[in-house]
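In case you want the letters, here they are:
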Amino acid sequence: MQSAKVGFLATLFIAEFSISYTFLVPFHIFRIISSRKKVLMRIILVFVVLLSVKYAEAQSWNEYFEAGNDALESEDYFSSKYYFEKCMELDSTVFDLNVRYAESLRLTKHYQLAEYQYDKVFSKDKGKLFPLGQFKLGEMLYMNGKYKAAVRNFKKFKRKKKK
């Protein structure tokens, strides 16, 4: 048997099967606290443990966005897709995030998702902030085999560029 330290309070023994530490650590802490008489101390400690378990590995939206941008700049497209997905889970209303997420989807060849994202971006923007939005949408439609819709988008994009 191996022993593994979990936190600073509990030592668990691991047999040949997997044990979830997340459930055992609060139980072990509660067992230690239950021997004490102070109810307020028990409540506070349990609350702190539950919060620390929930937010132990949480990153902020800005950290994910920065990591996604760094990965996109260094041409690590799968990592950028991962980080932008995390950002989208936290806040999907930021326009620049939607554009960058669509780009990372396109570069990782997730064309159906990229088509959805570019359509979302273009329907919000109509080509003002992201002038290539309609072209990229047409490109994704083409990659997904929707040739008539792709040609229609390419022609609209060409007409707008001539103006």
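As a reminder, the structure under discussion sits directly above these lines.
Anyway, here's the lowdown on the structure attached to this text. (Residues numbered from 1 in each chain as written. Predicted model: local features only at pLDDT ≥ 70, side-chain atom pairs only at ≥ 80, totals over all residues. Heavy atoms only, no water.)

Considerations on unusual backbone geometry
The backbone of E75 shows a phi angle near 60°, a positive value even though the residue is not glycine. Tracing the backbone through its elements, the reader meets E75 in the loop between α3 (61-73) and α4 (77-90). Residue E75 is classed as exposed on the basis of its relative accessible area of 58%. At K109, a position not held by glycine, the phi torsion is positive, near 65°. When you line up the elements, K109 lands in the loop between α5 (95-107) and α6 (111-125). Taking relative accessible area as the criterion, K109 reaches 60% and is therefore assigned exposed. (Helix = DSSP H or I, 4+ residues; strand = E, 2+ residues; numbered from the N terminus. Buried < 20%, exposed > 50% of the residue type's maximum accessible area, 1.4 Å probe, protein only.)

Some details on the side chain of Q134
With respect to the helices, strands and loops of the structure, Q134 is situated in helix α7 (residues 133-143). For Q134, the side chain forms a polar contact with the side chain of N153, separated by 3.3 Å. (Polar contact = N/O pair within 3.5 Å; in protein donor to acceptor, adjacent residues only side chain to side chain.)

Digging into a nonpolar patch on the surface
Taken together, Y142, M143 and Y147 make up a surface patch of nonpolar side chains, about 330 Å² in accessible area. Of note, Y142 is situated in helix α7. (Patch = residues over 30% accessible without salt bridge, like charges linked within 9 Å, V, L, I, M, F, W, Y side chains within 5 Å. Areas by Shrake-Rupley, 256 points an atom, 1.4 Å probe, with all protein chains shown as cover. Salt bridge = Lys/Arg side-chain N within 4 Å of Asp/Glu carboxyl O.)

A look at the nonpolar core
F65, F84, C87, L97 and Y118 are the most contacted members of the largest nonpolar core, which has 23 residues in total. Within the residue set of this core, elements represented by two or more residues are α3, α4, α5, α6, α7 and α8 (147-162). Not counting the four nearest positions on each side in its chain, F65 is found in contact with F84, C87, D96, L97 and R100. (Core = buried A, V, L, I, M, F, W, Y, C linked by side-chain atoms within 4.5 Å. Contact = heavy atoms within 4.5 Å.)

Quick notes on the environment of L97
With respect to the element layout, L97 can be found in helix α5. Along the backbone, L97 and V121 are 24 residues apart, and their C-alpha atoms lie at a distance of 9.8 Å. When sequence neighbours within four positions are dropped, the list of residues in contact with L97 reads W61, F65, F84, C87, M88 and D91.

As for the packing of aromatic side chains
The tally for this structure, following the rule as stated, stands at eight aromatic pairs. With a centroid separation of 5.3 Å and an interplanar angle of 70°, the aromatic rings of Y142 and Y147 are classed as edge-to-face. You can call Y147 partly exposed: its relative accessible area is 47%. Ring-pair connections join several aromatic residues into one group, and the members of that group are W61, F65 and F84. (Phe/Tyr/Trp six-rings, centres within 6.5 Å; stacked < 30°, edge-to-face > 60°.)

Treat this as a map of the structure, not an account of what it does.
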